[in-house]
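Chains, contacts and geometry: an overview
The residues making up each chain are set out below.
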Number of protein chains: 4
Amino acid sequence: MSSLFGTTLRVSIFGQSHSQAIGCVIDGLPAGFKLNEDALQEFMSRRAPGQNAWSTPRKEADAPQIVSGLNDRGETCGAPLAALIYNTNTRSGDYDELRRVPRPGHADFTAWAKWHGSQDVPGGGHFSARLTAPLCVAGGIALQLLAQHGIRIAAHVLQVADKKDEPFDALVNSPAANDHLNEQMDALQSGWKSRSFPTIDNTAAEHMKDAIAQARKQGDSVGGVVECVARGMPAGIGGPRYDGLQGSIARVVFGIPAVKGLEFGTGFDVASMTGSQNNDPYEIRDGMVVPTTNNAGGTLGGISTGAPILFRMAVKPTPSIALPQQSVDLEEMREATLEVRGRHDPCVAARAVPIAEAAMALAILDSWLTFPPSSSEWT
Amino acid sequence: MSSLFGTTLRVSIFGQSHSQAIGCVIDGLPAGFKLNEDALQEFMSRRAPGQNAWSTPRKEADAPQIVSGLNDRGETCGAPLAALIYNTNTRSGDYDELRRVPRPGHADFTAWAKWHGSQDVPGGGHFSARLTAPLCVAGGIALQLLAQHGIRIAAHVLQVADKKDEPFDALVNSPAANDHLNEQMDALQSGWKSRSFPTIDNTAAEHMKDAIAQARKQGDSVGGVVECVARGMPAGIGGPRYDGLQGSIARVVFGIPAVKGLEFGTGFDVASMTGSQNNDPYEIRDGMVVPTTNNAGGTLGGISTGAPILFRMAVKPTPSIALPQQSVDLEEMREATLEVRGRHDPCVAARAVPIAEAAMALAILDSWLTFPPSSSEWT
Amino acid sequence: MSSLFGTTLRVSIFGQSHSQAIGCVIDGLPAGFKLNEDALQEFMSRRAPGQNAWSTPRKEADAPQIVSGLNDRGETCGAPLAALIYNTNTRSGDYDELRRVPRPGHADFTAWAKWHGSQDVPGGGHFSARLTAPLCVAGGIALQLLAQHGIRIAAHVLQVADKKDEPFDALVNSPAANDHLNEQMDALQSGWKSRSFPTIDNTAAEHMKDAIAQARKQGDSVGGVVECVARGMPAGIGGPRYDGLQGSIARVVFGIPAVKGLEFGTGFDVASMTGSQNNDPYEIRDGMVVPTTNNAGGTLGGISTGAPILFRMAVKPTPSIALPQQSVDLEEMREATLEVRGRHDPCVAARAVPIAEAAMALAILDSWLTFPPSSSEWT
Amino acid sequence: MSSLFGTTLRVSIFGQSHSQAIGCVIDGLPAGFKLNEDALQEFMSRRAPGQNAWSTPRKEADAPQIVSGLNDRGETCGAPLAALIYNTNTRSGDYDELRRVPRPGHADFTAWAKWHGSQDVPGGGHFSARLTAPLCVAGGIALQLLAQHGIRIAAHVLQVADKKDEPFDALVNSPAANDHLNEQMDALQSGWKSRSFPTIDNTAAEHMKDAIAQARKQGDSVGGVVECVARGMPAGIGGPRYDGLQGSIARVVFGIPAVKGLEFGTGFDVASMTGSQNNDPYEIRDGMVVPTTNNAGGTLGGISTGAPILFRMAVKPTPSIALPQQSVDLEEMREATLEVRGRHDPCVAARAVPIAEAAMALAILDSWLTFPPSSSEWT
């Protein structure tokens, strides 16, 4: 099995919810890059639990300790970068019943079936959403590297329950739409501290928070959709077929717990469109070929078009709910009722926003390094 | 770049629309398996063009020639299996204009940007949907191997334009639903020759064919959704995070031209569900733990639950349409109007049905071989 | 299992000695390179059997048919390049006894043990030295690409039985030694057609041919050593530890049948040297840092030093000999005497010369593409 | 670049000589294995520096801290196992001059060339032999797993300067030779604590220690050869060509600093042997097919024969010597004389013994897991 992805930039994620530490090793980072550790920590904070009413009260500083990969000037040095986050606030006692009774919607049963009872139980072990913290360490570094090349990435909660945010203005690729998209990204990123919930439209945030609060009150949880965009990609990054941009992004995104769907550009709506509606025409702008619309979500044949890369991912409602659920006792092989205790987010969509950005950044950086724009030097 | 996927079962796809041949190399097939070449050919025929009114009139026998990988008893012999399909019916002349004017919705422009004009132009080169033929060769072999272990795979067109087929009865995992699902699969598979369009419900097929015919008449095309299911998977196949079943399927599916979205189980509908609705409870059935519903689409934490694996993929409308489109002349860097000639499907969803089955089979077989159910032998 | 290697340049080799065809797929070639098919064919001829008294009388044209990967100008087009060689001269009948009685020194028994009798028997199946033909197709293309960047590769037979050729003048890196090395390479490469045996010193060739002739007369075979050098590598290509130049070369070289040893630079002689003898001092030459000696064989820490890459590989005596040998009958599980018939080289060292060049070229090209000299663009 | 190897068992090594920590992540370990941490620590101690007169006086506890991958019973849990060793005794000050003046024989210059000055300088950074500590952590765990399947691995110093130990009795595969080999392994392993130097013959150890002491006195160092054997391998493990046992071992071995040559079985001596001498005949023993000799070193066609796997690796003299050496000043681009200070082994062969065992164990375990003996279950 593998908790590892990437071709040229290889990311290995390790740890369990309640192991001594979690972390990542990133192999293949370009050398000589001066890491901004403050900015990385700030990015990590966006994912960290325990911040507010709608996320789990478990508090973790989530301060990554970089133990290798930098030289004494704080620059990447060509060697693999390893980062650790020690788990400080573990409460294994909460999880004793779960050794016998798998939680519906979690990987408890499938891990038991796969590893014949040797899986690490507390907190969901290696399957815990906590493992998205080291993904964010790696992604946060990738974001800084991409920013140097003018690539900017942002995500927001597009939907919680039936409440919707204003979507990114990224299905059109006109100068006006591009400006508007930039404003949307500015609003999200400048304001994410003061703004308590990552939406473009503040009213939508209030509706979503209400929906989450209501679910919590009922001992239940709600799902959502996260939308993510990357601006500034030159045309020509990526490759055909199985290592294309869509596939590379998909492999990381479907490694995020709770994700059940992924679509690019117009996505599932293509089903009811005609070719003449869906095809993106080309024009010349500033001497460059540009698609004037972006139903393709910035990628054709696995390769970037130069328009924004746009994806949406569906995030299921947190499986851990307070309501009693029907499960089984694996030791006695009889049915059993489960009441999940412990600390859980009633909706993970908000915390999934930086995770989506991390996934986008890592997939793009790997594609960039594997198929560099300058790769025509040979001929 | 890479037209290659898989960990233990590695599939390499080669060829261009109008190259001398297209084909695949499959490395890692279990040895000693007696291949049924007739059944493989029959599977290939379901994807082949030129069969009827709603697919491209280009006729290709699509008869794969297996040049290595079998012993003299026709069994897999442990060596890589290579299969070729020679391109017999190539009309490069149709594509001369396309050297200068990229077709919207195709990879013509992105390939040009990536390879600085060295890409193979006729028919879309390596990006052609024709390259799904060798994927089907590999997938057709995987289907036969999986059938030996009781795994059965089928797909159908769930939607074309706004016309919908009856969905697979796979979101519930009761004995009755399982029986019904089996009947749906029987209907699709026993009847695919007589049944001119791969839907469960014949009336839906008629409506879809009408929608396609109407698009064709208007020089246009339509999109669709294909749904695919795999039955008989034991619990415990797959692995956590980036090599999980969802990610492995996604990498192949997003390598299929025209796919813009992928969802598992309940998919994007999870956004508006609560945890108590979406979680799949467990019960004991015949001494085994089984989920009673299947919103998860058969996979939790990347590992199979034992319920059917279920995915839906969105297929965009064929980009090649007869209507004039706005594009650019890459040599003169000016705008240009394009009228695509050549032979094209007004809707690729029907032909994508065996391709979806191939993708499912290859991802499952690779996962099975990488994480075999018997892998607890060590301890 | 895998007959596949490489990180960015991925080469997949397929075929069996007597399958319909053998071949390779090369994924990741730079696009826009005009292939010289005549030069490739000439390179292939150096490996081809049936040329003279000391190689197998089996005649194969070994003319590779490139079925994909080129555009209509004969340039690489970014898509995987697939090449086939059809086996024309197969005589399966020679090998019937071998289904039961494995040949000592061949992989007959190990393949039987691994695949439980499903292995392809005739000619050694996938383990046949014939499979070095597609390796040479891939390597021949890599050689042409590297030549564009000023990298030149040559090999020669350094030893057969106890007869030795003059070694490459590559352990010293002075201008005089470099000139001498160039002359040695010229002699080998300009003359390989007229020169019937690939040595630098013609007298050595005569001695080696005598040794081979004598072994043949006795129904026996002899081993040898092949030495290979690459000139013109800039410093800084390759990477640390397991993907270093030594490891990348080793993986390909140990995939060549009959190779039992590999050493770089001074090789095993380092054991009896001191650090002060073995360390290569640096000097400034033409404004560049250069090592003045080359005991390291051109690589330190897996990365090129700028001095010639130098390796030697030990090639065992052809296992197929006419003398009777002790083996077993796998069906009756009793001991049996084997007399190998069929057509075999009494010494494979001469034919291994282009194979060594191919291995060197492919490992270097993959390293170059994975760690391009321009990869500092990020910072 | 990559400090990562393996197909099913993937090992990622990180750290620099003077970074905060070094470590490894092992992905793909079978679950449910109860790790013996004492035995692991004992194995680590054999590699650790600072033990005696002929190794570096730098003292490091080398106590690996396992931060993830175990369940609360101390068993592997299916999740990646991560282990760290914090660097406690770093003296960066020793290395200031090396920022400008690369040490001959080390990777200082090649790392500078590759990373344009961003490499981590102190102690050789990621290229330090210190990085073999995490390799030994991974290898020590693999050794324990393999022992469960009856596979036993040992290595010894075969040569230092011109002093030679008794070789393993592993080129013959008779019952008597097998017994003798077992006694040799017993002697090495039972006695490694009392026995101050890892040879089979105590007298050889004394000669080698004298040679090392003499080199040290002269401010110099000496090279050596390490021989490693694995007993108990069933026939049929491994795969053809580039993922064969030889290639898999080679990739790890050539990732060990200072290794310049590798040979299997008879190794380079095959050059002067005939086929009738070198081929290993088969016989039936206890109902099993066994080769009676083992010139092949236990592998034919990349697959195990059932005889001991045997390799020898050449280890160059420690590049760090006290004698003045000719180098260059990279800032001023002028020649410079270097006198290496710091703490160094005058011969690394003794410490390379457990490293060779680790490499053997990891390559075999990966091959076993990738091509399990039970993989015929499909057919």
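For the structure, see preceding data.
First, a word on what this report is: a plain description of the structure on this page. Since this is a predicted model, take the numbers as computed values, not measurements. (Residues numbered from 1 in each chain as written. Chains lettered and ligands numbered in written order. Predicted model: local features only at pLDDT ≥ 70, side-chain atom pairs only at ≥ 80, totals over all residues. Heavy atoms only, no water.)

**Comments concerning the relation of the copies chain B and chain A**
Expressed as a screw transformation, the operator carrying chain B onto chain A has a rotation angle of 180° and an axial translation of 0.0 Å, and the superposed copies differ by an RMSD of 0.0 Å. Here the transformation between the copies is reduced to the relation of a two-fold axis. Taken together, the interface assignments show that 100% of the residues at the interface of chain B recur at the interface of chain A, consistent with an identical surface on both copies. (Least-squares fit on C-alpha atoms with pLDDT ≥ 70 in both. Contact = heavy atoms within 4.5 Å.)

**Observations regarding the nonpolar core**
By size, the foremost hydrophobic cluster in this structure holds 163 residues, and its most contacted members are Val160 and Met313 of chain C together with Val160 and Met313 of chain D. Other than its neighbours up to four places away in sequence, Val160 of chain C contacts Phe197, Met208, Ala211, Ile212, Val222, Gly223, Gly224, Cys347 and Ala349 of chain C together with Ala271 of chain D. (Core = buried A, V, L, I, M, F, W, Y, C linked by side-chain atoms within 4.5 Å. Buried < 20%, exposed > 50% of the residue type's maximum accessible area, 1.4 Å probe, protein only.)

**Focus on the interface of chain B and chain C**
How big an interface is tends to be stated in terms of accessible area lost as the parts join. On the chain C side, the residues contacting the 44 residues of chain B number 45 residues. For the pair chain B and chain C, the summed buried area comes to about 3300 Å², and 51% of that belongs to carbon and sulfur atoms. Linking chain B to chain C there are two salt bridges. Where Asp72 of chain B meets Arg99 of chain C, a salt bridge forms, and the shortest distance between an N and an O atom there is 2.6 Å. Where chain B packs against chain C, one counts 19 residue pairs in polar contact (both at pLDDT 80 or more). Residue assignment for the side of chain B that touches chain C shows that the elements contributing at least two residues are β2 (10-14), β3 (21-27), β4 (65-68) and β5 (81-86) of chain B. Class assignment for the residues of the side of chain B that touches chain C results in 17 nonpolar, 20 polar and seven charged. (Buried area = accessible area lost by both parts, 1.4 Å probe. Salt bridge = Lys/Arg side-chain N within 4 Å of Asp/Glu carboxyl O. Polar contact = N/O pair within 3.5 Å; in protein donor to acceptor, adjacent residues only side chain to side chain. Helix = DSSP H or I, 4+ residues; strand = E, 2+ residues; numbered from the N terminus. Nonpolar A, V, L, I, M, F, W, Y, C, P; charged D, E, K, R; others polar.)

**Overview of the interface of chain B and chain A**
Between chain B and chain A, the contact holds 104 residues from the first and 104 residues from the second. Of the roughly 8000 Å² buried between chain B and chain A, counting both surfaces, carbon and sulfur atoms make up 62%. Its largest share of buried area at the contact with chain A, chain B owes to Arg241, Tyr242 and Lys260 of chain B, together 12% of the area lost on that side. Where chain B touches chain A, the interface holds two salt bridges. Asp243 of chain B is the partner of Arg251 of chain A in a salt bridge, and the nearest nitrogen-oxygen pair spans 2.2 Å. Run the count over chain B and chain A and you get 41 residue pairs in polar contact (both at pLDDT 80 or more). Tallied by class, the residues present in the side of chain B that touches chain A amount to 51 nonpolar, 39 polar and 14 charged.

So yeah, pure geometry; function would need other evidence.
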